[in-house]
Amino acid sequence: MCKEMFYPADILLPKSGFEKWAVIACDQFTSQQEYWDEVEKTVGCAPSALRITLPEIFLEDNPDRRIEQINLKMQEYLDGQVFDEYKHSMIYVERKTGDQKVRRGIVGLIDLEDYEYTNGTKALIRATEQTVLERIPPRVKIRKDALVEMPHIMLLIDDPEFTVIEPLQDEKSGFEKVYDFELMLGGGQISGYILDDLVQKRIQSALSSLIEDKEDKFLFAVGDGNHSLATAKECYKLSGCELARYALVEIVNIHDASLEFEPIYRVLFGVNAEKVIDDICISLGGEYHGEDAQVFECVWEGKKREISLKPTAKLPVGTLQTFLDSYLKDKPEIKIDYIHGEQSVYDLCNAKNTLGFIFKGMTKSELFDAISSDGSLPRKTFSMGHAVDKRYYVESRKIK
């Protein structure tokens, strides 16, 4: 049998008040202040993950002061009997999303020495998309002195025979249920069950079997939270602390019927939209209508224009991102955001000097082979479901 690759953790859960505790991943709704205003109103004065995470919409709003408050609040929660601790545990999670589909996963630990985010790595755990190195230092600043980690990291496994996670749905009546509640602001419903030592060993064995006969020992692809995982890796390198060597994650089968890949679209702020559209067409040799053409819907101020371009990458997002990386390099006045959902793009692009791009996304069946053969995909290539379906912060763990 291979070495263990997924481990139990000493998991912290709030003693009560899960509905106000659990908030959505910090990298969501980064251009929608009204969402976070509603979260603030919902949480009020109750203990909440909102107080010990830093939503990315606030990364440029006095981050040093916010980080100081987060660290103080972590200590307050640890001292104030906010948590119950479940020693040496894994948690089986069932998440019912807004469309009533159920996504199944297991929360546990991975060893950060098994993870690399550099392109072309042959590590056990790999980034699905290019890691933006500039995004790591601000996140290291947040994590390096933190007492607790709260992950929104989701790792994908390629298990077409449903041997690891799916058997648990028929056994859950025999497990201790530790939470079952409605997630705020349209997040759906979530339940969690503690897995005993015997079940944990079976999971570890089933995971090992997935790569037992494969030349490329590629077990986990980072579906969500790659920059958080990269930050955890860098903080471990800085501290050398044994607790920091591991990271709490949720593993999910890419073949889970509820799991849908959605494109992540691009929106530019502070632009002359029609000029940018003309510039991209000129840069890529004019409009092109061959069989391999990639089509983009451009949206601005209530207008739409479809452009058809010759590919410079396998995926449309790669063609677009390659252009944007070059185009924006010397234009600091133009800001870019990565948006989930066509309607959100349309809403944002009603504003002046804003331009959105909508395009065809990648299917999930292409993912593992593409990474194994080509390395990381362009950053922000896909999202697993709609924004409100993203992982909420529920479980946590001491890292100091």
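Everything below is about the structure shown above.
Read on for a plain summary of the structure. (Residues numbered from 1 in each chain as written. Predicted model: local features only at pLDDT ≥ 70, side-chain atom pairs only at ≥ 80, totals over all residues. Heavy atoms only, no water.)

So, about the pattern of salt bridges. Applying the stated criterion across every chain yields a total of 32 salt bridges. One salt bridge in this structure joins E149 and R143, with 2.8 Å as the shortest N-O distance. R143 sits in the buried class, given a relative accessible area of 16%. Across the pair R305 and D278 runs a salt bridge, and its minimum N-O distance is 3.4 Å. Residue R305 is found in strand β15 (residues 303-309), and its partner D278 is found in helix α7 (residues 273-283); the two are separated by 27 residues along the sequence. Overlapping salt bridges bring together D111, E113, E242 and R245 as one network. (Salt bridge = Lys/Arg side-chain N within 4 Å of Asp/Glu carboxyl O. Buried < 20%, exposed > 50% of the residue type's maximum accessible area, 1.4 Å probe, protein only. Helix = DSSP H or I, 4+ residues; strand = E, 2+ residues; numbered from the N terminus.)

A few words now on empty space enclosed by the protein. For the structure on display, the rule yields five cavities of 30 Å³ or more. Of the pockets and cavities examined, the largest cavity occupies roughly 410 Å³. Lining the largest cavity are 21 residues, with C26, I142, R143, M150 and S228 sitting closest to its centre. Listing elements by their share of the lining of the largest cavity, those giving two or more residues are α3 (63-79), α4 (136-143), β7 (148-149) and α6 (226-239). Considering each element in turn, the lining of the largest cavity owes the most residues, three residues, to α4. Residue composition of the lining of the largest cavity, by class: 13 nonpolar, four polar and four charged. What the second largest cavity holds in volume is close to 280 Å³. What lines the second largest cavity is a set of 24 residues, among which D27, G225, N226, H227 and K380 lie closest to the centre. Elements supplying a minimum of two residues to the lining of the second largest cavity: β11 (220-224), α6 and β18 (382-384). (1 Å grid on protein atoms, 1.4 Å probe; cavity = no way out; pocket = protein on both sides within 12 Å on 5 of 7 lines; lining within 4 Å. Points joined across faces, edges and corners; volume = space filled by probe spheres on them. Nonpolar A, V, L, I, M, F, W, Y, C, P; charged D, E, K, R; others polar.)

Below, the discussion takes up helix α10 (residues 367-374). By the burial criterion, the buried members of α10 are L367, F368, A370 and I371. Viewed along the axis of α10, the buried residues span an arc of 165°, placing them on a single side of the element. Looking at α10, the residues exposed on the side facing more than 90 degrees away from the buried face are D369 and S373. Those residues of α10 hidden inside the fold are in contact with β6 (125-127), β8 (154-157), β11, β13 (261-269) and β18. (Arc of directions from axis to C-beta. Contact = heavy atoms within 4.5 Å.)

Here we come to the pairing of strand β10 (residues 188-195). Of all the eight residues making up β10, eight are buried; the element is thus mostly covered by neighbouring parts of the structure. Both faces of β10 are covered, namely the face carrying G188, I190, G192 and I194 and the face carrying Q189, S191, Y193 and L195. Of the strand pairs in this sheet, strand β3 (residues 83-96) and β10 are connected by seven bridges, and their pairing is antiparallel. Pairing of M90 across the sheet is with L195, part of β10. Where strand β9 (residues 176-183) and β10 come together, seven bridges link them in antiparallel fashion. When the sheet's bridge partners are listed, K177 is paired in β10 with Y193. Connecting β9 to the antiparallel partner β10 that follows it, the hairpin turn spans four residues, and L185 within it adopts a positive phi of roughly 55°. (Pairing = 2+ DSSP bridges.)

Let us now look at the environment of Y393. Counting through the fold element by element, Y393 comes out in strand β19 (residues 392-393). Taking the relative accessible area as the measure of exposure, Y393 reaches 2% and is therefore buried. Separated by 340 residues in the primary sequence, Y393 and T53 have C-alpha atoms spaced 9.0 Å apart. Residues contacting Y393, with those up to four places away along its chain left out, are W21, A22, V23, I24, A25, C26, A49, T53, M150, P151 and H152. Only 2.9 Å separates the side chain of Y393 from the side chain of H152, close enough to count as a polar contact. (Polar contact = N/O pair within 3.5 Å; in protein donor to acceptor, adjacent residues only side chain to side chain.)

Take the nonpolar core next. In a soluble, globular protein the nonpolar side chains are often hidden away together inside. Ranked by internal contacts, the top residues of the largest apolar core, which has 51 residues, are L13, I91 and Y179. Residue contacts for Y179: discarding those within four places in its chain leaves L13, F18, I91, V93, I190, S191, G192, V394 and E395. In this structure, A221, A273, I280 and M384 belong to the second largest nonpolar core, which totals 49 residues. (Core = buried A, V, L, I, M, F, W, Y, C linked by side-chain atoms within 4.5 Å.)

Within the fold, E234 resides in helix α6. Look at E234 and you get buried, because its relative accessible area is 18%. When neighbours within four sequence positions are excluded, E234 is seen to be in contact with Y117, I136 and V140.

Turning next to α6. Residues spaced three or four apart along an α-helix face the same direction, because each turn holds 3.6 residues. The first and last C-alpha atoms of α6 sit 20 Å apart over 14 residues, in line with the 20 Å expected at 1.5 Å per residue. In terms of residue burial, α6 counts as a mostly covered element, since ten of its 14 residues are buried. Within α6 the residues assigned to the buried category are N226, H227, L229, A230, T231, A232, K233, E234, C235 and Y236. Two residues or fewer after α6 comes G240, characterised by a positive phi angle close to 70°. (Expected span 1.5 Å × (residues − 1).)

Here the structure, examined in full by the defined rule, presents 16 aromatic pairs. Ring geometry for Y265 versus F359: centroids 5.4 Å apart, planes at 75°, classification edge-to-face. Residue Y265 is found in strand β13, and its partner F359 is found in strand β17 (residues 354-359); the two are separated by 94 residues along the sequence. There is no split in this pair, since Y265 and F359 are both buried. (Phe/Tyr/Trp six-rings, centres within 6.5 Å; stacked < 30°, edge-to-face > 60°.)

As a further point, take the side chain of T53. Positionally, T53 belongs in the loop between α2 (33-43) and α3. Given the relative accessible area of 12%, T53 is considered buried. Polar contacts involving the side chain of T53 include one to the main-chain carbonyl oxygen of A49, which spans 2.9 Å. If near-sequence neighbours (up to four positions away) are discounted, T53 is found in contact with I70, M150 and Y393.

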